[in-house]
Structure formats: structure tokens, C-alpha cells
Amino acid sequence: MRKIARLVLIPLALLATAGASTVDAANWSLSLNSPSQSAGPGVTTVFDGTISNGSGGPLEIDAGLGFTLAPETDLFTLDFAPEFAALNLVLPAGGYTGPLFTVSWSTGVLPGTLGQGEFQLAALPPGDPGALTAPFAVHVPGIGVFCKEPTPFLAAHASISPDDSLGTPVMAYNVASEGSIRYARVVSHAWVQELVLNGVGASAAPSLVLDGGRKPRVAYYKTPTGDLGYSEKTGTSWVSVVIDATGDVGVAPSLAVDTGGGVHISYYDATSQDLKYAYRPFGGSWSTATVDAGGAVGRHSSVAVDELGSPFISYYDETNGDLKCAHREGAVWVSEIVDAVGTTGTHTSIEVAGGMVQISYRDETSGSRSLRLATGSPGAWTSETVDSAGDPGFSTSLELDAFGQPRIAYRDGASNAGKYAAKTEGFGWEIGTIDAPANTFLSMAMRETGDPLILYGGTGSALRYASFGTCTTVAVEEGGTGIPALSLEPNRPESLCPRNHHRLRARSRQPHRGADL
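Residues numbered from 1 in each chain as written. Predicted model: local features only at pLDDT ≥ 70, side-chain atom pairs only at ≥ 80, totals over all residues. Heavy atoms only, no water.

**Student:** Help me understand the pairing of strand E27 (residues 332–339) in this model?
**Tutor:** For a regular strand, side chains alternate in direction, first toward one face of the sheet and then toward the other. Of the pairings in the sheet, the one linking strand E26 (residues 322–329) to E27 comprises seven bridges and is antiparallel in character. Within the sheet, the bridge partner assigned to His-327 lies in E27 and is Val-334. Joining the antiparallel neighbours E26 and E27 is a turn of two residues, in which Gly-330 adopts a positive phi near 70 degrees. (Pairing = 2+ DSSP bridges. Helix = DSSP H or I, 4+ residues; strand = E, 2+ residues; numbered from the N terminus.)

Here's what the structure looks like:
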């Protein structure tokens, strides 16, 4: 969910300006000189531009600023520039060129914070209504500082998911010593666990998702029998089923739940060396299908669904050393090569948003091992190198922030460190270290606010948890909603951000409402 704060200036008394009632905003134009800028903590960024007049008369306006941040913070101030406010909300016949508004960061804002917004001008009646808009973005360089804290759990593998209703992480993890899967959440500032089921062996590799109703769902590999299993919590009990038991199937499953409650799982059939897929519609029964059987294919699979609930699966073609992606057209699965340069396509992770597919993966080519990202749609792909230092790209976990920007957590085999790569449109890739060692596995999820939640393990050590800022802030009292009540003011058509207070200031020489929040 994007968090938006909006401020609109409206004078109490309309200014009597000759010709203002006949001016059409459609005859004016608006442009920003530098719509995307970077600014460090404690710095004020000035956005200037030109408002041109094609009508020959002055224009009486409302001025508005919409602004969204990820990760969410209240450490900023949004101001109209004094030069612009001095126009008294009437644009002169000759137009205006100069400062329009500013964004001021506090010294405490996190590196890696991204803000996107829209500067708006709207013609006031009795003139012809119209609106001019210009998007803008401002970015604090760097990667946020990760807090790290241990959990009380030893695990062979684990998967993390956000509970955005409480602002806390939850996780499913495989206890190798007892062959079980357990589920843990934060209650009263401490991790509390419960048993999901026993008898899964030491390599269950659970994949966890919370659905729209906050119900946890877990897919896993039952190593003693070579089956694909699935568990979900109903009330206070866990219900578990075997989905596929034909041969040795279910290796390294990946789970997604669509907005309609349909459950999607991609997995590897080790007996046939095929990519397989399981699906259960809301209220329906499980079905399975072979997606790709062309050689040894299907390892390192990852599944995601688009806004319509259509599944996309990224995976490794071991026979040819290629990255592939499969999508469904009607009842037919269509697979295609995404990257075939060298030996590439292991450790995939996929996300789909706005019709765009993004896949993080590892390039195994000798002498050029790297972490890469493929972007595109069926039939049209581009690929880029994210990190080529050391031996990167193990256990990639791709998420999109509140603006759809890619964020990748992964392991570097050379340093045994967990690393984090963030790409911001117009600013490129930035890379930071999460922690070391992180040499067994890594799992990442993203809060709605744009904060990463990262779970990772080291040989013989307990699970560790990392996020931005202070980890203890994720722990809230059981029973709390985490979302305070919020009232809306007149002339603010969009709700402000829950769990957050954006401070906006605007200055004008005319009396106005809604100028200070």
C-alpha cells in the first residue's frame, strides 16, 4: 500500500483578478527542471521549474503536494518555496520560472529512503477548471543501517513473512534435529513458536505466506517420503495435506497466494527432472501439472502471481544452463528462455507487478559469477548485472518496495556475508552488507512500508533476524492493532498514512486552511 500525504492550499477569499474567470488551465504548461534528485540526511532539496502561459491572462490556482515515502518516516518537511508562495496563488500573465517547493530531510533519516510525489496546480472557479501535475522523486543515497538480533531457534531452513496488521515478522522454519516444521511470531516482545507438523525430515525448506486474512500457509518437502506437502492454520489448529506423492517430488517448493485466495506452488520433480505446479482455487481442490519436461529443468524455481491471479514461474534449465520463465496462457503453460549467456539461472526469485516481471538470479559462468536481474514480459527481456564482487548471488530473495523498485537480499559465497542490493529509478544500484556470517540460507519479505524483513542462518548458529533501524520496534503487545485512529480534515480527499505522521508545512501570504499538519 502506498502511503500518501497531501496538502492543498485554498484561500479564504477569492482574489479579484482581472481575467481570472476566463482563463483555462489547459492553456498553461508545467515542467520541473530536475524531477529526480538525491539529497543526504539534513539537506534541503529545491525543486524548481517553469509554469508557462499560453492564454495571455493570469491564473488563480490551488497548489498541492502529494508525497509518499519508503521506508516510511516522519523525518522530513515539505514546503512551498517562498518565491512561489509570494505569488499569492495567482500566476501572472507572463508565467513563472523559479523555485516551486523544497524537501528537507532530518539528520536522522535513513540512507536508502525514497520519496515520490506529485506537484499539482488546479484552476479555481469561476474559471474553467483544469489541473497541471508534475511527478518528482528525491532519494537519500546509500543503504539503511541494518539492526541484527538472534532468535532462540536453530533451523536448517526458514521462510519469513510480514504481518502488516501488527508490524511484526512471522516465520516458518525446519528443525533438522527433530524433522519438524515450526511457526513463530512475536508476542509481548518475544518470539513464540508452535508446532506445525513432525515427520518432514531435515530438508523440508518451508515456504511461508500470510494470505489476505493473515492466515499462515506453508509449502514444504517431506524428505522421508519424497512428497510435496502443505499446511495452513485454521483457528488454533494446523491442517496438513500431501499434494503430490508420485515419485520424489516437492523439492524446494515456492508458494504464492493470489488476492482471490487461490494457492500456487512451484516445485521440482527429482524423479522425472521436471518443473511442476500445484494449484488450489479458493474453496476448491488441489490439482497438479507438469510445466516443463524438456530435459533436466525446474531446480531453483520461484512462483509469483500478477494482479489477475495468473502465475509466473522462474527456474533453472540445468540441461542447457539457462534461466527460464513459464506463464500460463489459458490452460497451456508456455516456457521461454530469459537468459542463455554462459551458465546462468540458479537461485531464482520472481516478482510481478504492473505487467512487469522481475527475476533475480545467479550467473554461474566461470570467471564471471555474478548476481543479475532480468526484467520484462513474455517475449521481451533485458538483463543486467547487479553485483559481481566476490562470489555473489546465492539464496537470492527479490522483493519490490512501495514504488515497485527491486530490492534483493542474497549471500556472497566468498565472504559468507548476507548482502542487500537496492535499485532506485534514475539512481542505479546501491549495495550494502546485512551481516556475516550468513552462509546457510537467507529469506526476505517486505513490509507495506518498504522495510525489509530478513531471516538468515549460519552453520551451527541460531536463526538471525535483520531489518532497518531498531529490530525491537517490530515487537508489539498482543492484541494491539498497530493502526491508530485517524481523522481527516476538509479539502484533503486522500487519507493520510496509518502508523505514521507526516509533517507538512506550506507558507502563503494569503489566509488559508490546511496549511499546517
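**Student:** Before we go on, may I ask you to explain the confidence of the model for the chain in this structure?
**Tutor:** Low pLDDT marks stretches whose predicted atomic positions should not be read closely. For the chain, per-residue confidence averages 85 on the pLDDT scale, and residues scoring 70 or more make up 85% of the total. Of the regions scoring below 50 in pLDDT, residues 1–22 engages in 84 contacts with residues more than four places distant in sequence or in other chains. Low pLDDT, under 50, characterises residues 473–517; the predicted model gives this stretch 116 contacts beyond four residues in sequence or across chains. (pLDDT = per-residue confidence, 0-100. Contact = heavy atoms within 4.5 Å.)

**Student:** Is there a simple way to explain unusual backbone geometry in this structure?
**Tutor:** The general pattern is negative phi for most residues beyond glycine and trans for most peptide bonds. Note that the residue after Ala-70, namely Pro-71, is joined by a cis bond; omega there is -10 degrees. Note on placement: Pro-71 falls in the loop between strand E5 (59–70) and strand E6 (76–80). Cis geometry marks the peptide bond from Ala-436 to Pro-437, where omega comes out at 0 degrees. Topologically, Pro-437 is positioned in the loop between strand E35 (428–435) and strand E36 (441–446).

**Student:** Explanation requested: the sheet that holds strand E32 (residues 392–400) in the structure shown.
**Tutor:** Working definition: the strands of a sheet are paired by backbone hydrogen bonds and lie parallel or antiparallel to each other. Ordered in space as E32-E33-E34-E35, the four strands form an open sheet in which the pairing is antiparallel. Only two strands of the sheet have a single partner each, and these edge strands are E32 and E35. Averaged over all pairs of adjacent strands, the angle between strand axes in this sheet comes to 25 degrees, irrespective of strand direction. Across six bridges, the pairing between E32 and strand E33 (residues 406–412) is antiparallel. Residue Glu-399 lies in a different strand from E33, and its bridge partner there is Arg-407. (Axes fitted to C-alpha atoms, helices over the stretch in contact; angles between N-to-C directions.)

**Student:** Can you walk me through the environment of Glu-336 in this structure?
**Tutor:** Checked against the element boundaries, Glu-336 lands in strand E27. Those residues in contact with Glu-336 that sit more than four places away from it in its chain are Leu-323, Lys-324, Cys-325, His-327, Ser-377, Pro-378, Gly-379 and Trp-381. Side-chain polar atoms of Glu-336 contact the backbone nitrogen of Gly-379, separated by 3.0 Å. (Polar contact = N/O pair within 3.5 Å; in protein donor to acceptor, adjacent residues only side chain to side chain.)

**Student:** What exactly am I supposed to notice about the sheet that holds strand E25 (residues 311–317) here?
**Tutor:** Strands sit in the order E24-E25-E26-E27 across an open sheet of four strands; the sheet is antiparallel. Looking at which strands have only one partner, the edges of the open sheet turn out to be strand E24 (297–305) and E27. Adjacent strand axes in the sheet meet at a mean angle of 25 degrees when their direction is disregarded. Inspection of the sheet shows E25 paired to E26 by six bridges, in the antiparallel sense. Residue pairing across strands places Tyr-316 opposite Leu-323, the latter belonging to E26.

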